[in-house]
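Geometric and topological summary
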Number of protein chains: 2
Amino acid sequence: MRERSYSGAWAPPHIRPVFHLTGRMLLALAAAMLLPAGIDALTGDPDWRAFLIGSGITFACAAALTRATRCRLSGGLTLRQAFLLTPVAWTTIALFGAIPLYISDYSQLRDSFTNAFFESVSGLTTTGATVIVGLDDAPQGILLWRALLQWLGGIGIIGVAISILPALGVGGMQLFRTESSDRSEKVMPRVREIATGIVLIYVALTVACGLAYWLVAMTPFEALAHALSTVSTAGFSTSDSSMARWDSAALHWIATLFMFSGALPFVLYLRLFQGQREALRDSQVWFLVGLLAAVIVIVAAWLTLTGRHSAADALRLAAFNVVSVVTTTGYATADYTLWGNLMIGLFFGLMFVGGCTGSTSGGMKIFRFQVMIRMLESQFLRLLYPRGVFPRVYAGRLLPDDVIGSVVVFFSLYFVCYSTLTVAMMAFDLDFLTSASAAVAALSNVGPGLGPIIGPAGNFAALPDASKWLLCFGMLLGRLELFTVLILFFPQFWRG
Amino acid sequence: MRERSYSGAWAPPHIRPVFHLTGRMLLALAAAMLLPAGIDALTGDPDWRAFLIGSGITFACAAALTRATRCRLSGGLTLRQAFLLTPVAWTTIALFGAIPLYISDYSQLRDSFTNAFFESVSGLTTTGATVIVGLDDAPQGILLWRALLQWLGGIGIIGVAISILPALGVGGMQLFRTESSDRSEKVMPRVREIATGIVLIYVALTVACGLAYWLVAMTPFEALAHALSTVSTAGFSTSDSSMARWDSAALHWIATLFMFSGALPFVLYLRLFQGQREALRDSQVWFLVGLLAAVIVIVAAWLTLTGRHSAADALRLAAFNVVSVVTTTGYATADYTLWGNLMIGLFFGLMFVGGCTGSTSGGMKIFRFQVMIRMLESQFLRLLYPRGVFPRVYAGRLLPDDVIGSVVVFFSLYFVCYSTLTVAMMAFDLDFLTSASAAVAALSNVGPGLGPIIGPAGNFAALPDASKWLLCFGMLLGRLELFTVLILFFPQFWRG
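Helix and strand counts for chain A stand at 22 helices and 2 strands. By its C-alpha atoms, chain A is 75 × 75 × 50 Å across when sized along the principal axes. Here chain A holds 496 residues, and the buried ones make up 62% of them. A sequence separation of at least 24 residues applies to 72% of the contacts in chain A between residues at least 6 apart. Element-wise, carbon and sulfur atoms account for 65% of the exposed surface of chain A, whose accessible area totals about 18,100 Å². With 32 positive and 27 negative side-chain charges, chain A shows a spacing of 14 Å between the two charge centroids.

Here's what the structure looks like:
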């Protein structure tokens, strides 16, 4: 983008669009803060001031930022701008999202910016790990803000996965390029084209989920807060016991359904709505369904055969908690760490999986496992027939070599990040299970880890402050699919 | 290979060479059993009978097998035969190697074929995990046999890594093809060409190591047993306390040196011996040296700064135990699981690394990490410059795409095997650290795991029998570089 003169713009022109877009997002964040302010004003909680002040600060900064970086955006973003935008926007929004928490009257958060920021990052990345003990008695404004951050983070990541990552070619996401986005090197945000449709579907799912929750067991406020964090597969609850707080089988099945709905590619809904019935043949979706079914049967059988639960309860508990972990939501209706070591191992493994790409789920994503399986197959065939040619097909299309390479490298990089994060957590003298599960819970945006401290019945409050910052980095790293964050540490990025 | 008529040969012709070669190896094994028989006869231990009978059984079976499968080997092996040979030979030898242990008078092994087989597999794969409690009082024949199995396994795997794996193109090993082995589809065992040289070097290193041990601290028998399991980076000791039994700094430094020597590519020694000084520029070796130096400094600094040891002791302890784990030997001079969680995490990570290819070390091997780093670099560059071409160079040569693909798939497959093995171990209700470390200790052929049961101060005796068989599979899987074993589970292997 050539330099142009805009009155009042002072930032270096090549980073202007990045900060301008970030500023616009902050404007939306400032507006969103008025909701918890309103709730607190209605319920008479003094925190309405914190949210109002937070909204004011955010609005002022956002206005200054957008003004200072005014530029024409119609030309789209360059590759580097698009790379820079994702981590800059995500980090900035998380920082501002933490402000009302930090200046609130709520003792769990106001004492520590670390805790406020952790909660904000955990929200925005739809992770759902919490540092709050005593959610049941927390002020409604705080609870709503946490849920709202998750909901905004959920729709945000769908936007990134649809418009930015495919164009950047991150971790095999070039597979989801559409013809229009493939033509030029400029990353044209395709969000607008389909944004309205996706947002409407997201809102509709949230409303449906909230109504169902309300009809079955919850108060309107609980239903709202949980609907926001269910469809975004995020997992913040209004109770320390998470969904186990409500002793309603119907509620748990409804939550299972809507967590699953959040893990599907949102473009799928749009295509179905447009009458494209062949969208139902999406191989990612059926792989996810098959995987979930298989694991749920195993877990339910285990719970029944070990005499822990009746068949019906076992099925409900298995379905809820398996879907919660695989979709990276992180709700719990049971402390599955008490189901024996096999289940700990199984749930640990499930934390890596994640949902479909273009959904609100974190994790490594189903399509990457499918590509990996194709790659492994062809490798074994090549060993047997060194002169053979083995076309690798995915979803009816030939897999280009660069997609396979990106996916396989993504796999390796995921394990490198996971291992590094685990060892780094152990440097705080945390035990192996806590460290390893915290690492993957952050990286995959699941939320709760395993073990007595951060397990589904625990929380992250007791961890050392520095380790919380580390996990914040891990959450952002995983949410933005590794490459978009790590590339900033690559010297070549900043050259030329 | 066309069918030929050999009198007395009855096995199907296409598998004859596989079993014929296995039979020949068994003949060598039968001969090796006479050594512990001799030692036991000298020391008056009744186990001389067990070894003599074991030798007789092995000899009889080997003779019958070689006769039944007589064939001309000069034509070399087909790809499938070479793939079949490695797991068949390794498993068969381990089975026969277990016979004298099982029929011995030694109470730790004679009661359980599981234990005898575990010890034999652990020996032959140069893993060094033991089920024996009370090694200090174990009969010398048993101790020698364990050490001999490791020594034979060590030279065996060098042979496989030099002659078979490059031709098969397993996990990027095609990088180490020489011109002569690349020309035809037939896998011509190149062992013979350079076998004599390698064996001489292996023997010379063992003798040097044993003499040094003897001069410094050990009895001749102890020196022999440890020399056999040091140069093979295997790790069986004659004491429950491993090398901590001898309170001699000199001994520990000597062991460190010879463990390191076993982790270098043995072809390197041959080339140096032939006066090729450019062999010293081997990038694998320098990468390994750099890695070891860096980690040793970190660990020594940690031990000093946390007030655990004086600087000199810290350096010795760090060097010994880090080299022991990275070279996948598995000796210990300290229970490093007591050095704090950071060190547990670090040692856990080190268990994946391994030494150079063409050495006796297990693990993922240094060159694969180097290739991975090149691959990651080029992936990041490609993200920044989508139209750029980034040649990936390794050791001065352009890395072919199929090598990179194989290496990256090897990485992913390693983690898949590791995770599966971990969850399978947890099915026996073993805790996470024990399960995960047992999985990688087996797969990387390190030996001891982490945690209170199987840590450097513990052993594998208390594990459930079924889990021992699982670990035996893991040890063979890792030792034979995954693909050679896993391909047997691939239906296409058995077709046509």
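What follows picks up the thread again.
So, on to the state of the cysteines. The tally for this structure, following the rule as stated, stands at 0 disulfides over all chains. Free of any disulfide, cysteine 209 of chain A has its nearest neighbouring cysteine sulfur in cysteine 356 of chain A, separated by 18 Å. In this structure cysteine 417 of chain B is not part of a disulfide, and its nearest cysteine sulfur, from cysteine 472 of chain B, lies 16 Å away. Of the residues examined, cysteine 417 of chain B reaches a relative accessible area of 11% and is grouped as buried.

Attention now goes to the packing of helix H7 (residues 140–168) of chain B against helix H10 (residues 220–231) of chain B. All names here are of chain B. For the pair H7 and H10, interaxial distance at closest approach is 7 Å and the crossing angle is 25°. By the criterion of interaxial angle, the relationship of H7 to H10 is roughly parallel. Of the two possible hands of crossing, H7 and H10 adopt the one that is left-handed. On H10, the residues touching Gln140, Leu143, Leu144, Ala147, Leu148, Gln150 and Trp151 of H7 are Phe221, Leu224, Ala225, Leu228 and Ser229. Within the contact of H7 with H10, the residues separate by chemical class into 9 nonpolar, 3 polar and no charged.

Taken residue by residue, the interface counts 51 residues in chain B and 51 residues in chain A. Of the roughly 4,500 Å² buried where chain B meets chain A, counting both sides, 76% is carbon and sulfur surface. At the surface where chain B touches chain A, the tally comes to 0 salt bridges. Summed over the shared surface of chain B and chain A, the number is 8 residue pairs in polar contact (both at pLDDT 80 or more). Every element with two or more residues in the side of chain B that touches chain A is listed here: helix H4 (79–102), helix H15 (341–350), helix H16 (366–384), helix H17 (401–426), helix H18 (432–443), helix H21 (483–486) and helix H22 (491–494) of chain B. Counting residues per element, the side of chain B that touches chain A draws most heavily on H17 of chain B, at 11 residues. Partitioned by chemical class, the residues of the side of chain B that touches chain A number 34 nonpolar, 9 polar and 8 charged.

Our focus in this paragraph is unusual backbone geometry. Residue and element names in this part refer to chain A. Positive phi, normally seen in glycine, also occurs at lysine 365, with a value near 80°. Within the element layout of this structure, lysine 365 appears in the loop between helix H15 (341–350) and helix H16 (366–384). Given the relative accessible area of 4%, lysine 365 is considered buried.

Another aspect to go through is the packing of aromatic side chains. Residue and element names in this part refer to chain A. Taken as a whole and judged by the stated rule, the model has 60 aromatic pairs over all chains. Between phenylalanine 266 and tyrosine 269, the aromatic rings sit 5.3 Å apart at their centres with planes inclined by 65°, giving edge-to-face as the arrangement. Placement of both phenylalanine 266 and tyrosine 269 in helix H12 (residues 266–273) is noted, with a separation of 3 residues, approximately one turn of the helix. Judged by its relative accessible area of 18%, tyrosine 269 falls in the buried class.

It is worth spelling out the relation of the copies chain B and chain A at this point. After a rotation of 180° and a shift along the axis of 0.0 Å, chain B superposes on chain A with an RMSD of 0.0 Å. Between the two chains, the operation in question is that of a two-fold axis. Mapped onto chain A, 100% of the interface residues of chain B are again interface residues, and the two copies thus contact each other with one and the same surface.

In this structure, Tyr213 of chain A together with Tyr213 of chain B are the most contacted members of the largest nonpolar core, which totals 352 residues. In this structure, tyrosine 213 of chain B is in contact with Met218, Ala223, His226, Ala227, Thr230, Met243, Leu251, Ile254, Ala255 and Tyr331 of chain B, ignoring residues within four places of it in sequence.

It is worth spelling out helix H7 (residues 140–168) of chain A at this point. All names here are of chain A. Here H7 spans 40 Å end to end across 29 residues, near enough to the 42 Å set by a 1.5 Å rise per residue. Of all the bends in H7, the greatest, near 40°, is centred on alanine 161. Summarising burial for H7: 26 of the 29 residues are buried, a large majority. A positive phi of about 75° marks glycine 169, the residue just after H7.

How each quantity is defined
Residue positions are counted from 1 within each chain, in the order its sequence is given. Naming scheme: in the order in which they are written, chains are lettered from A and ligands are numbered from 1. Where totals are concerned, whole chains, interfaces and linings use all residues; where local detail is concerned, this predicted model gives features only for residues with pLDDT of at least 70, and gives and counts side-chain atom pairs only at 80 or more. For side-chain calculations, the full set of non-hydrogen atoms in the structure is used, while hydrogens and water are omitted. Secondary structure is summarised from DSSP: a helix means a run of H or I of at least four residues, a strand means a run of E of at least two, and numbering begins at the N terminus for each. Relative accessibility decides the category of a residue: with a 1.4 Å probe and only protein chains considered, values under 20% of the type maximum give buried, values over 50% give exposed, and everything between is partly exposed. Contacts are residue-level and defined by heavy atoms, with any inter-residue pair within 4.5 Å sufficient. Throughout, the Shrake-Rupley method with a 1.4 Å probe supplies accessible areas, and for residues the shown protein chains are the sole cover considered. Asp and Glu are treated as the negative residues and Lys and Arg as the positive ones, with His and the ends of the chain left uncounted. All charge positions are set by atom: Lys at NZ, Arg at CZ, Asp at CG, Glu at CD. Only a pair of cysteine sulfur atoms within 2.5 Å counts as a disulfide in this structure description. Axes, fitted as lines to C-alpha atoms, cover a helix only where it is in contact. Angles between the N-to-C directions of the axes lie from 0 to 180 degrees. Any angle between 65 and 115 degrees counts as roughly perpendicular, while under 35 counts as roughly parallel, over 145 as roughly antiparallel, and the rest as oblique. Less than a right angle of anticlockwise turn of the near helix away from the far helix marks a crossing as left-handed, whereas a clockwise turn marks it as right-handed. For this scheme, ten residues count as nonpolar: Ala, Val, Leu, Ile, Met, Phe, Trp, Tyr, Cys and Pro. Four count as charged, namely Asp, Glu, Lys and Arg, and the remainder, Gly too, count as polar. In short, buried area is how much 1.4 Å probe accessible area vanishes from two parts on joining, totalled over both. By definition, a salt bridge exists where a carboxyl oxygen of Asp or Glu is found within 4 Å of a side-chain nitrogen of Lys or Arg. Definition of a polar contact: a pair of N or O atoms within 3.5 Å, with one able to donate and the other able to accept a hydrogen when the atoms are protein atoms, and with sequence-neighbouring residues admitted only if both atoms are side-chain atoms. Between 30 and 60 degrees the pair is tilted, below 30 it is stacked and above 60 it is edge-to-face, where a pair is any two Phe, Tyr or Trp rings, Trp via its six-membered ring, whose centres lie within 6.5 Å. Copies are brought into register by a least-squares superposition over C-alpha atoms of residues with pLDDT of at least 70 in both. Only buried residues count toward a nonpolar core, which is a set of Ala, Val, Leu, Ile, Met, Phe, Trp, Tyr and Cys residues joined through side-chain atoms within 4.5 Å. A helix's residues, less one, multiplied by 1.5 Å, set its expected span. Bend, at a single residue, is the angle you get between axes fitted to the 7 residues ending at that residue and the 7 residues starting at it.

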